[in-house]
Amino acid sequence: AQSVAQPEDQVNVAEGNPLTVKCTYSVSGNPYLFWYVQYPNRGLQFLLKYITGDNLVKGSYGFEAEFNKSQTSFHLKKPSALVSDSALYFCAVRDLTGGGNKLTFGTGTQLKVEL
Amino acid sequence: DGGITQSPKYLFRKEGQNVTLSCEQNLNHDAMYWYRQDPGQGLRLIYYSQIVNDFQKGDIAEGYSVSREKKESFPLTVTSAQKNPTAFYLCASSVVQGSNQPQHFGDGTRLSIL
C-alpha cells in the first residue's frame, strides 16, 4: 500500500528564514507525489507535484520540493518564509490500487511563520 | 471561473437524522471524491466516482452514501448509522486519465451534532 509520513506536527520559522516541511513516502513502483496547502476553513490548494524528471520541483508561491529516491523523501522548501505562508501543509502520494487518480495524504504539518 | 462548490458551509445534524452535503463542479472532470478531515488525522477517503452512475467505497465508507447521476454533481449523505459525524468534509475532482493530474478541492462543509 502507498503511504506518506509527515514526521512533524508543527514547524516554526522566523520570517525571512528558509523553511523545510518534511515528507517521506513508501510506494511500490514509481512515486507520484504532491504537496497541498490549506488555510483555515478552506479547501486544499495544489502547490506542486513530482512525476519524473528533475529532482527539484518548482511550484506556486515560491515553494519548491526536493525529491530524493535513496532517502524516499519529498521535502517542501522555500528560501525565505513569509508570515502569509502560515498554514497547514499536506504531502500526498497517488494510490494505484483500484485505478483512477486517488491520493493518500499525510497527517499534515502546521507551519507557523513569526515576525 | 471554473471550480468546485460545496454547500452548505456549516451543517448541524440531530440524532437519528440523515443529512446531505452538496458538491458541484464545472471543471468537466470525470472523477469526484469525498474526504473527511479530523484534526491530526489528515484526509481520509470516504467514496469516489470515476464516471457517472458508478462509485466505489473508500477507506471509511460505513455510515455514508453517495450518488453520481450527473457528471457535475456528487452529493454525500451522512446517515444516522454514522455515530461520529462531526468533521470537516471536503469534495474534490480530477481528470481520470493520467496519474500526474492534481485533485481540485472545494472549500468544505463543517458538520456538527446538535
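Quick caveat, the model's predicted, so the values are computed rather than measured.

The rules behind the values
Residues numbered from 1 in each chain as written. Chains lettered and ligands numbered in written order. Predicted model: local features only at pLDDT ≥ 70, side-chain atom pairs only at ≥ 80, totals over all residues. Heavy atoms only, no water. Helix = DSSP H or I, 4+ residues; strand = E, 2+ residues; numbered from the N terminus. Contact = heavy atoms within 4.5 Å. Pairing = 2+ DSSP bridges. Axes fitted to C-alpha atoms, helices over the stretch in contact; angles between N-to-C directions. Polar contact = N/O pair within 3.5 Å; in protein donor to acceptor, adjacent residues only side chain to side chain. Core = buried A, V, L, I, M, F, W, Y, C linked by side-chain atoms within 4.5 Å. Buried < 20%, exposed > 50% of the residue type's maximum accessible area, 1.4 Å probe, protein only. Buried area = accessible area lost by both parts, 1.4 Å probe. Salt bridge = Lys/Arg side-chain N within 4 Å of Asp/Glu carboxyl O. Nonpolar A, V, L, I, M, F, W, Y, C, P; charged D, E, K, R; others polar.

A.B. asks: Is there a simple way to think about the environment of Ser3(A) in this case?
C.D. replies: Residue and element names in this part refer to chain A. Within the secondary structure, Ser3 is located in strand S1 (residues 3-5). For the pair Ser3 and Leu44, spaced 41 residues apart in sequence, the C-alpha to C-alpha distance is 19 Å. Other than its neighbours up to four places away in sequence, Ser3 contacts Thr24, Tyr25, Ser26, Val93 and Thr104.

A.B. asks: Teacher, can you tell me more about the sheet that holds strand S7 (residues 64-66) of chain B here?
C.D. replies: Strand pairing in a sheet takes place through backbone hydrogen bonds and is either antiparallel or parallel in direction. Residues and elements named next belong to chain B. The 4 strands are arranged S1-S3-S8-S7 in an open sheet whose pairing can be described as antiparallel. In this open sheet, the two strands that pair with only one neighbour each are strand S1 (4-7) and S7. Sheet twist, expressed as the average angle between the axes of neighbouring strands with direction ignored, equals 20°.

A.B. asks: Explain the side chain of Gln37(B) here, please?
C.D. replies: Turning to its location among the elements, Gln37(B) is positioned in strand S4 (residues 31-38). At 2.8 Å, the side chain of Gln37(B) and the side chain of Gln38(A) are in polar contact. Setting aside chain neighbours within four positions, we find Gln37(B) in contact with Gln38(A), Leu88(A), Phe90(A), Gly42(B), Leu43(B), Ala87(B), Phe88(B) and Leu90(B).

A.B. asks: How should the nonpolar core be read in this particular structure?
C.D. replies: Inside soluble globular proteins, nonpolar side chains tend to come together where they are buried. Of all hydrophobic cores here, the largest spans 26 residues; its most connected members are Leu33(A), Trp35(A), Leu47(A), Leu48(A), Phe74(A), Leu76(A) and Tyr89(A). When contributions to this core are tallied by element, the ones reaching two or more residues are strand S2 (10-14), strand S3 (19-21), strand S5 (33-38), strand S6 (44-50), strand S8 (64-68), strand S9 (73-78), strand S10 (87-95) and strand S12 (109-114) of chain A. Per-element tally for this core: the top contributor is S10(A), with 4 residues. Setting aside its immediate chain neighbours within four residues, Tyr89(A) contacts Gln6(A), Trp35(A), Tyr36(A), Val37(A), Leu47(A), Phe63(A), Leu76(A), Gly108(A), Thr109(A) and Leu111(A). If you look at the next biggest cluster of nonpolar residues, it comprises 21 residues, including Phe90(A), Phe105(A), Ala31(B) and Phe105(B).

A.B. asks: I tried to follow the interface of chain B and chain A on my own but got confused; where do I start?
C.D. replies: Interfaces are often sized by the amount of accessible area the parts lose when they come together. Chain B puts 26 residues into the contact, and the matching count from chain A is 23 residues. With both chains or domains summed, chain B and chain A bury close to 1900 Å², and 50% of this area falls on carbon and sulfur atoms. Between chain B and chain A we count 1 salt bridge in total. Between Asp107(B) and Arg42(A) there is a salt bridge, with its nearest N and O atoms 3.1 Å apart. Where chain B packs against chain A, one counts 6 residue pairs in polar contact (both at pLDDT 80 or more). For the side of chain B that touches chain A, the elements supplying multiple residues, two or more each, are S4, strand S5 (42-51) and strand S9 (87-94) of chain B. A per-element tally of the side of chain B that touches chain A places S5(B) first, with 5 residues. Looking at the side of chain B that touches chain A residue by residue, the classes come out as 11 nonpolar, 12 polar and 3 charged.

A.B. asks: Sorry, what's going on with the pattern of salt bridges here?
C.D. replies: One side chain can pair with another of opposite charge once the charged atoms of both are near each other. This model, assessed by the stated rule, comprises 7 salt bridges over all chains. Among the salt bridges present, the one from Lys78(A) reaches Asp85(A), with a minimum N-O distance of 2.8 Å. When its relative accessible area of 7% is taken as the criterion, Lys78(A) is described as buried. Exposure remark for Asp85(A): the relative accessible area of 4% places this residue in the buried category. Shared partners join several salt bridges into a network, and the residues in it are Arg36(B), Asp38(B) and Arg44(B).

A.B. asks: Before we go on, may I ask you to explain the pairing of S5(A) in this structure?
C.D. replies: The two faces of the sheet receive side chains in turn, since in a regular strand these alternate between them. All names here are of chain A. Counting buried residues in S5 gives 6 out of 6 residues, a clear majority hidden from the surface. Along S5, one buried face is formed by Leu33, Trp35 and Val37 and the opposite face, lined by Phe34, Tyr36 and Gln38, is buried too. For S5 and S6, the ladder comprises 6 bridges, and the chain directions are antiparallel. Across the sheet, residue Leu33 finds its bridge partner in S6, namely Tyr50. The turn joining S5 and S6, which pair antiparallel and follow one another in sequence, is formed by 5 residues; a positive phi near 60° is taken by Asn41. Here 6 bridges tie S5 to S10, and the two strands are oriented antiparallel to one another. Along S10, the bridge assignment pairs Leu33 with Val93.

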